[in-house]
Amino acid sequence: MRIGVPQEIHAGERRVATTPEVAAKLQKLGFTVAIQSGAGVGADFSDEAYRGVGVEIIDDARTLWTADIILKVRGPEAHPALGCHELDLMREGALLISFIWPAQNADLMERLAARHATAIAMDSVPRISRAQKLDALSSMANIAGYRAVIEAAQNFGRFFTGQVTAAGKVPPAKVLVIGAGVAGLAAIGAANGLGAIVRAMDTRPEVKEQVKSLGAEYVEVNYQEEGGGVGGYAKTMSEGYQKAQRETTAKQCMEVDVVITTALIPGKPAPKLITAGMVEAMQEGSVIVDLAAEQGGNCELTVPGQVVKRHGVSIVGFVDLPSRMARQSSQLYATNLLRVLEELSPKKDGVATVNMDDEMIRGATVVNAGMITWPPPPLKVSVASTPVNGAAPLVPPPPKKPWLPARARTALWCVLAGFALYGLGSAAPPAFMSHFMVFVLACFVGYMVIWNVTPALHTPLMSVTNAISSIIAIGALIQISAPGMLLTLLTGFALILTSINMAGGFAVTQRMLRMFRRSE
């Protein structure tokens, strides 16, 4: 079968559906690949690069659309140069793989059905473990989150990291990320890497540990309600939660310098999280980057596609953040498409077959041979096995009662440990007991010290303890003056090794601690 990759005609779109590297892999699956001339220029892929891996370059868009499989980024739309809709160019019964957004594009779905086409929507890939390699939404959200921080830095008037210079002290920027999905976590990582103090909010409590692992502070809303929705997305919260969330957000907006919003609920307009009053209360020179601008925006004052200034605050409403990193976006998206075609052609014979019995393919297929199949049926989940022939379900036996209550067992163990120590003290020499007590106290103090260290500092702590452990060099110093050349050589060698270990441990500790330092 032949794959056709047309040039994207959506205004400002610079991505391309395949790259030279991925096109070579598509041919190894048995497909022939053709691409419209100039389709990859916006992503810095020349026609010569495609031609070098055996891809056919076609100048005429009409000829390209006659391919058996069409790979696109944006869904088909009216072609301004040809004066017709792109789907009018596609041959009947062809396969289209692209972003489609079926809930928002009913007319496009009808057009696809009228062409007896089969359409796989990359935005409808089910969020199950098997489908992670196909998840183009996550790929693009990752790039959008990273790019949002870059756009914030572009519009922010100072450093993100704190500095102490001869001209004075520069405090670090404070960044608030609202929504800790893929885009939010990418923004947290990028902002933290630039040296900012990062905070994050989300309705889903399970992301708290992810936020903290990236070095950010998790801001909790003082209201108890579960925010997890279907497929890992957030759900619409109750009015009580939304009120508490607005109060928390308003307080945070007055304190931070940059706000990055990523909150979206599939199939619904973006929730309004930042009001005009919150914007007015922000510090002059602050920045808001609204990743939900294309769906109406999380900020009331967002203008999709533009950067506007309101009350001294720059509000970035770009709707093409992945396209602003077109080369990287194209590479990731093309890889997602490659994984789709690997699933459609498991025999690597160049024939794509849509298996509607595969829940992963079924979930992403929105039109099949002219029949609209969206929305898909609910995903099957594993359930407990039902009794056979009306038999009563097996009831696990009740747990056995312990022979002693918990407190009594603890007291018994303490008594036994006391007797063991008494026996050891009566039999061991006095010097041993003195050393043993020092050992026990050292273990207790060491445990309490390690227990109170934040997890982020465990690695530098390990390096410094590694250096301190080189105290064994004292033993080598004592033995180096002992008689015998062999013993002198061995102790000298031990001193060299422990000196390297000690110096290296402290050097690594200093380098790692610098990563965690923040200027006040």
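Comments concerning the confidence of the model for the protein
- Averaged over every residue, the pLDDT of the protein is 87; the share at 70 or more is 87%.
- Contacts of residues 382-388 to residues separated by more than four positions or lying in other chains number one contact, the stretch itself having pLDDT below 50.

Focus on a nonpolar patch on the surface
- Together, Phe444, Val445, Tyr447 and Met448 give the surface a local cluster of nonpolar side chains, amounting to about 420 Å² of exposed area.
- For Val445, the position within the fold is in helix α13 (residues 430-451).
- When its relative accessible area of 47% is taken as the criterion, Val445 is described as partly exposed.

Examining unusual backbone geometry
- Along the chain, Trp374 connects to Pro375 via a cis peptide bond; the corresponding omega equals 0°.
- As for its placement among the helices and strands, Pro375 is situated in the loop between β19 (371-372) and α12 (406-427).
- Positive phi is not limited to glycine here, since His311 has a value of about 55°.
- The topology assignment puts His311 in the loop between β16 (307-310) and β17 (313-316).

Topic: the sheet that holds strand β3 (residues 56-58)
- Strand order in the open sheet formed by eight strands is β3-β2-β1-β4-β7-β8-β18-β19, and the pairing between neighbours is mixed. The sheet is open, and its two edges are formed by β3 and β19, each paired on a single side.
- As paired elements, strand β2 (residues 32-36) and β3 share three bridges and run parallel to each other. Its bridge partner lying in β3, Gln36 is registered against Ile58.

Quick look at the pattern of salt bridges
- Taken as a whole, this structure holds 24 salt bridges when the rule is applied.
- A salt bridge links Arg74 to Glu294, with the nearest nitrogen and oxygen atoms 3.4 Å apart. Taken together, the residues span a long stretch of sequence, with Arg74 in the loop between β4 (69-71) and β5 (78-79) and Glu294 in the loop between β15 (287-290) and β16 at a distance of 220 residues.
- A relative accessible area of 47% means that Glu294 is categorised as partly exposed.
- Its salt-bridge partner being Arg339, residue Glu342 comes within 3.0 Å of it at the nearest N-O pair. In this pair, Glu342 and Arg339 are both assigned in helix α10 (residues 326-344), three residues apart and thus about one turn of the helix distant.
- By relative accessible area, Glu342 is classed as partly exposed at 29%.

Brief notes about the sheet that holds β15
- Sheet architecture is open: seven strands sit in the order β13-β12-β11-β14-β15-β17-β16, paired in mixed fashion. Strands at the two margins of the open sheet, each flanked by one partner only, are β13 (217-218) and β16.
- Where strand β14 (residues 258-261) and β15 come together, four bridges link them in parallel fashion. Bridging across to β15, Val259 finds its partner in Ile288.
- Seen against the sheet, helix α8 (residues 239-255) touches β11 (174-178), β12 (197-201) and β14 and runs at an angle of roughly 165° to β12.

Quick notes on the pairing of β14
- Neither face of β14 is open: one carries Val258 and Ile260, the other Val259 and Thr261, and all of them are buried.
- Sheet topology places β11 next to β14; four bridges connect them, and they run parallel. The residue of β14 that forms the bridge with Ile178 is Thr261.

Some thoughts on the packing of aromatic side chains
- For the structure shown, the criterion picks out four aromatic pairs.
- On the basis of an interplanar angle of 65° and a centroid distance of 6.4 Å, the ring pair of Phe45 and Tyr50 is categorised as edge-to-face. We note that Phe45, like Tyr50, is buried.
- Look at Phe99 and Trp101: their rings are 6.1 Å apart centre to centre, the planes differ by 10°, and that puts the pair in the stacked class.
- Taken together, the aromatic side chains of Phe99, Trp101 and Tyr333 make up a single cluster linked through ring pairs.
- Above the face of the Phe318 ring, Arg324 is positioned so that its terminal group lies 3.6 Å from the ring centre.

Notes on the packing of helix α1 (residues 20-28) against α10
- α10 packs onto α1 with a crossing angle of 10° between their chain directions and a minimal axis gap of 9 Å. What the angle tells us is that α1 and α10 run roughly parallel. On α10, the residues that touch Glu21, Val22, Lys25 and Leu26 of α1 are Gln331, Ala334, Thr335, Leu338 and Leu341.
- Residue composition of the contact of α1 with α10, grouped by class: five nonpolar, two polar and two charged.

Examining the nonpolar core
- Grouped together as the largest cluster of nonpolar side chains are 45 residues, with contacts concentrated most on Leu26, Ile69, Leu71, Ile97, Tyr333, Leu341 and Leu344.
- Elements supplying a minimum of two residues to this core: β1 (2-5), α1, β2, β4, β7 (95-98), α5 (136-155), α10 and α11 (359-364).
- Take this core: its biggest share by element is eight residues, from α10.
- Here Leu26 is in contact with Ile3, Thr18, Phe31, Val33, Leu71, Leu338 and Leu341, once residues within four sequence places are set aside.
- If you look at the next biggest cluster of nonpolar residues, it comprises 31 residues, including Val177, Tyr218, Val258 and Val287.

Re the packing of α5 against helix α6 (residues 182-193)
- At a closest axis distance of 7 Å, the pairing of α5 and α6 adopts a crossing angle of 35°. Crossing angle aside, the handedness with which α5 passes α6 is right-handed. Contacts from Ser138, Ala141, Asn142, Gly145, Tyr146 and Val149 in α5 reach Val182, Ala183, Ala186, Ala187, Ala190 and Ala191 in α6.
- Of the residues in the contact of α5 with α6, the class split is nine nonpolar, three polar and no charged.

Cut-offs applied
- Residues numbered from 1 in each chain as written.
- Predicted model: local features only at pLDDT ≥ 70, side-chain atom pairs only at ≥ 80, totals over all residues.
- Heavy atoms only, no water.
- pLDDT = per-residue confidence, 0-100.
- Contact = heavy atoms within 4.5 Å.
- Patch = residues over 30% accessible without salt bridge, like charges linked within 9 Å, V, L, I, M, F, W, Y side chains within 5 Å.
- Areas by Shrake-Rupley, 256 points an atom, 1.4 Å probe, with all protein chains shown as cover.
- Salt bridge = Lys/Arg side-chain N within 4 Å of Asp/Glu carboxyl O.
- Helix = DSSP H or I, 4+ residues; strand = E, 2+ residues; numbered from the N terminus.
- Buried < 20%, exposed > 50% of the residue type's maximum accessible area, 1.4 Å probe, protein only.
- Pairing = 2+ DSSP bridges.
- Axes fitted to C-alpha atoms, helices over the stretch in contact; angles between N-to-C directions.
- Phe/Tyr/Trp six-rings, centres within 6.5 Å; stacked < 30°, edge-to-face > 60°.
- Lys NZ or Arg CZ within 6 Å of the ring centre and 35° of its normal.
- Parallel < 35°, antiparallel > 145°, perpendicular 65-115°, else oblique.
- Nonpolar A, V, L, I, M, F, W, Y, C, P; charged D, E, K, R; others polar.
- Core = buried A, V, L, I, M, F, W, Y, C linked by side-chain atoms within 4.5 Å.
- Left-handed = near helix turned anticlockwise from the far one by under 90°.

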